[in-house]
Amino acid sequence: MTTAFVNGQVLTARGFEAATVVVDGERITAVQSGDAVASDQRIDLEGRYLLPGFIDTQVNGGGGMLFNATPTVEAIATIGAAHRRFGTTGFLPTLISDDLATVERAIGAVDAAIEQGVPGVLGIHIEGPFLAESRKGVHDASKFRTLDEAAFRLLTSARRGRTLVTLAPETTTDEMIGRLRAAGVTVAAGHTNATYERLRSALNAGVTGFTHLFNAMSPLTSRAPGAVGAALDDPESWCGVIVDGRHIHPATLGIAFRAKPLNRFMLVTDAMPSVGMTQKSFTLQGRAIHVVDGVCVDEDGTLAGSDLDLMSAVRNAVALTGLDLQTAVEMASVNPAAFLGVQDARGRIAIGAAADLVVADQDLTVVETWIAGRRYVA
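Residues numbered from 1 in each chain as written. Predicted model: local features only at pLDDT ≥ 70, side-chain atom pairs only at ≥ 80, totals over all residues. Heavy atoms only, no water.

K.L.:
Explain the overall build of the protein here, please?
P.N.:
If you tally the helices and strands in the protein, you get 10 helices and 24 strands. The C-alpha radius of gyration of the protein comes to 20 Å, within 12% of the 21 Å expected for a compact globule of 378 residues. Projected onto its principal axes, the C-alpha coordinates of the protein cover approximately 60 × 45 × 40 Å. Counting the 378 residues in the protein, one finds 56% classified as buried. For the protein, contacts bridging at least 24 residues in sequence account for 69% of all contacts bridging at least 6. Entry remark: accessible area of the protein is about 14,200 Å², with carbon and sulfur atoms responsible for 48%. Side chains of the protein give 31 positive and 41 negative charges; the mean places of these two sets differ by 2 Å. (Helix = DSSP H or I, 4+ residues; strand = E, 2+ residues; numbered from the N terminus. Rg over C-alpha atoms; globule rule 2.2 N^0.38 Å. Buried < 20%, exposed > 50% of the residue type's maximum accessible area, 1.4 Å probe, protein only. Contact = heavy atoms within 4.5 Å. Areas by Shrake-Rupley, 256 points an atom, 1.4 Å probe, with all protein chains shown as cover. Lys, Arg positive; Asp, Glu negative; His and termini not counted. Charge placed at Lys NZ, Arg CZ, Asp CG, Glu CD.)

Written out as structure tokens, the structure reads:
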């Protein structure tokens, strides 16, 4: 069945335009001016925005579910359903540092979720346990371990979708990073106390991204640029940013946005189970976590992920940093798609791309999402 979206403000590569978008099955088949098109159904957007579906590369939980606690297909489906209410049409269920047996179960669950057609699942993000204890954040350092041959085999074992691994480069070798990249794994630096020089070497070896820039990494200082300096100095790598007004000061974000090409920044949520829920507390690996002033913290006040959704991140990026709406939306769609290497199929409104779409009001409230041509009401 074909569906024509008419009378909307459509974000294409050219910017916002009054275009008609035609979807046939799971794909976009036309993006054209005027609304004279034959279709089985017409959806009058009544001036609303039609945006490319958002892609979140860091989703720990949502809808009351935490992936670490329940690495199952059912949990993945619940997390995805919670986030698609806020425009997320593609995501990586994210596992923070845990035992390798849990990592194995998580990879198996994501493989099965993709095979069973759970909407929006693009792969898995394994954040740790190959991290620096000095920059552990809320991660359990007792789970940290060496990236040995057994771990390598596990990290490269996924049969479907993309695998993103966050590691601290100082805990491994350039050879291992190169091997992961050669095996098709996307490698990001995070929870790292590495020097600028170590990061430069790791970037040359195959690191292509930075997980939650500024947070849990060696800072930029006068004589030691650190991980932050390496990230901002490298024009090609992608940087995830948590734009909730608490993880990063708006002025710091503004400086970062002026230091590096904007198409290398990605909005991420680092979301926890509280997203989409009225219950704003949960347990993370035995620790009580509460949402306080919009952020998740443990008993010591350590940040523990976020209560953020991607549409809120888009709104915040505009309001807090002065980005134009097109750039903010692209940070949640085009850019993460390119980071994951799926830009030909996702993250854009163009002929041949997946029909992953977001309908939003003028105040950027999500009305409905479409994943692979299927409609979901927010």
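Further notes follow.
K.L.:
Just checking my understanding: could you explain the pattern of salt bridges for this structure?
P.N.:
Pairs can form between side chains of opposite charge once their charged atoms are near each other. In this structure the tally under the stated criterion is 16 salt bridges. Residues Asp-98 and Lys-143 are paired through a salt bridge, measuring 3.9 Å at the closest nitrogen-oxygen approach. Placement of the pair is Asp-98 in the loop between strand 11 (88–96) and helix 2 (100–115) and Lys-143 in the loop between strand 12 (123–127) and helix 3 (149–155), with a sequence separation of 45 residues. The exposure class of Asp-98 is buried, given its relative accessible area of 8%. With a closest N to O distance of 3.0 Å, Arg-200 and Asp-234 form a salt bridge. In this pair, Arg-200 sits in helix 5 (residues 196–205) while Asp-234 sits in the loop between helix 6 (226–233) and strand 16 (238–241), placing the two residues 34 residues apart along the sequence. Connected through shared salt-bridge partners, Glu-46, Arg-48 and Asp-361 make up one network. (Salt bridge = Lys/Arg side-chain N within 4 Å of Asp/Glu carboxyl O.)

K.L.:
Looking at this structure, how should I read the sheet that holds strand 18 (residues 281–284)?
P.N.:
Sheet strands line up and pair through hydrogen bonds in the backbone, either parallel or antiparallel. What the four strands build is an open sheet, ordered 18-19-20-21; its pairing is antiparallel. Whereas interior strands pair on both sides, the edge strands pair on one side only; in this sheet they are strand 18 and strand 21 (303–306). On average, each strand axis in the sheet is inclined to that of its neighbour by 30°, with strand direction left out of account. Alignment of strand 18 against strand 19 (residues 287–292), held across four bridges, turns out to be antiparallel. Pairing of Thr-283 across the sheet is with Ala-288, part of strand 19. (Pairing = 2+ DSSP bridges. Axes fitted to C-alpha atoms, helices over the stretch in contact; angles between N-to-C directions.)

K.L.:
In this structure, what is going on with unusual backbone geometry? I would like to understand it.
P.N.:
Note: most peptide bonds trans; most residues except glycine with negative phi. Cis geometry marks the peptide bond from Gly-128 to Pro-129; its omega dihedral reads 15°. Among the structural elements, Pro-129 can be located in the loop between strand 12 and helix 3. The phi dihedral of Asn-7 falls on the positive side, at around 60°, and the residue is not glycine. Along the chain, Asn-7 turns up in the loop between strand 1 (2–6) and strand 2 (9–12). Asn-7 gets classed as partly exposed once you look at its relative accessible area, which sits at 47%. Not every positive phi belongs to a glycine, and Asp-293 is a case in point at roughly 55°. Take Asp-293: it is sitting in the loop between strand 19 and strand 20 (295–297).

K.L.:
Hey, could you run me through the side chain of His-139 in this one?
P.N.:
Looking at the element boundaries, His-139 is found in the loop between strand 12 and helix 3. Setting aside residues up to four positions removed in sequence, His-139 forms contacts with Ile-96, Ser-97, Glu-127, Leu-131, Phe-144, His-191 and Arg-287.

K.L.:
So what exactly am I meant to see when it comes to the nonpolar core here?
P.N.:
Within soluble globular proteins, side chains that are nonpolar tend to cluster in buried spots. Residues Leu-267 and Val-314 are the most contacted members of the largest nonpolar core, which totals 78 residues. It is helix 2 that provides the largest number of residues to this core, a total of eight residues. Not counting the four nearest positions on each side in its chain, Leu-267 is found in contact with Ile-55, Val-241, Val-243, Leu-310, Ala-313, Val-314, Ala-317, Ala-328, Met-331 and Ala-332. Val-10, Val-21, Ile-28 and Ala-355 belong to the second-largest nonpolar core, a separate cluster that totals 15 residues. (Core = buried A, V, L, I, M, F, W, Y, C linked by side-chain atoms within 4.5 Å.)

K.L.:
For this particular structure, what's the right way to read the packing of helix 4 (residues 174–182) against helix 5?
P.N.:
When two helices pack together, their arrangement is given by the angle between their axes and by how far apart the axes lie. Following both chains from N to C, one finds helix 4 and helix 5 inclined at 30°, their axes separated by 8 Å at the closest point. In terms of crossing hand, the pair formed by helix 4 and helix 5 is right-handed. Contacts between helix 4 and helix 5 pair Asp-174, Ile-177 and Gly-178 from the former with Arg-198, Ser-201, Ala-202 and Ala-205 from the latter. Taken together, the residues of the contact of helix 4 with helix 5 sort by class into three nonpolar, two polar and two charged. (Left-handed = near helix turned anticlockwise from the far one by under 90°. Nonpolar A, V, L, I, M, F, W, Y, C, P; charged D, E, K, R; others polar.)

K.L.:
So what exactly am I meant to see when it comes to helix 7 (residues 250–259) here?
P.N.:
Residue pairs three or four apart in sequence face the same way in an α-helix, which turns once every 3.6 residues. Here helix 7 has its buried residues at Leu-253, Gly-254, Ala-256 and Phe-257. On an axial view of helix 7, the arc spanned by its buried residues comes to 160°, and they lie on one face. Exposed side of helix 7, more than 90 degrees from the buried face: Ile-255 and Arg-258 are the residues found there. Tucked into the core, helix 7 has its buried residues touching helix 6, strand 16, strand 17 (265–267), helix 8 (310–321) and helix 9 (325–331). (Arc of directions from axis to C-beta.)

K.L.:
Would you mind showing me how to read the packing of aromatic side chains here?
P.N.:
Scanning the model with the defined rule gives four aromatic pairs in all. Taken together, a centroid distance of 4.9 Å and an interplanar angle of 75° make the contact between Phe-257 and Phe-265 edge-to-face. Phe-265 shares its class with Phe-257; the two are buried. For Arg-179, the ring lying beneath its charged end belongs to Phe-152, and the centroid distance is 4.2 Å. (Phe/Tyr/Trp six-rings, centres within 6.5 Å; stacked < 30°, edge-to-face > 60°. Lys NZ or Arg CZ within 6 Å of the ring centre and 35° of its normal.)

K.L.:
Just to check I follow, could you spell out the sheet that holds strand 4 (residues 19–24) for this structure?
P.N.:
With respect to topology, four strands assemble into an open sheet ordered 5-4-1-6, the strand pairing being mixed. Where the open sheet ends on each side, the last strands, each with one partner, are strand 5 (27–33) and strand 6 (41–44). Put simply, the sheet's adjacent strands are angled 20° from each other on average, direction ignored. Pairing of strand 4 with strand 5, which is carried by six bridges, proceeds in the antiparallel orientation. If you follow Asp-24 over to strand 5, its bridge partner there is Arg-27.

Any functional reading would require information that these geometric values do not contain.
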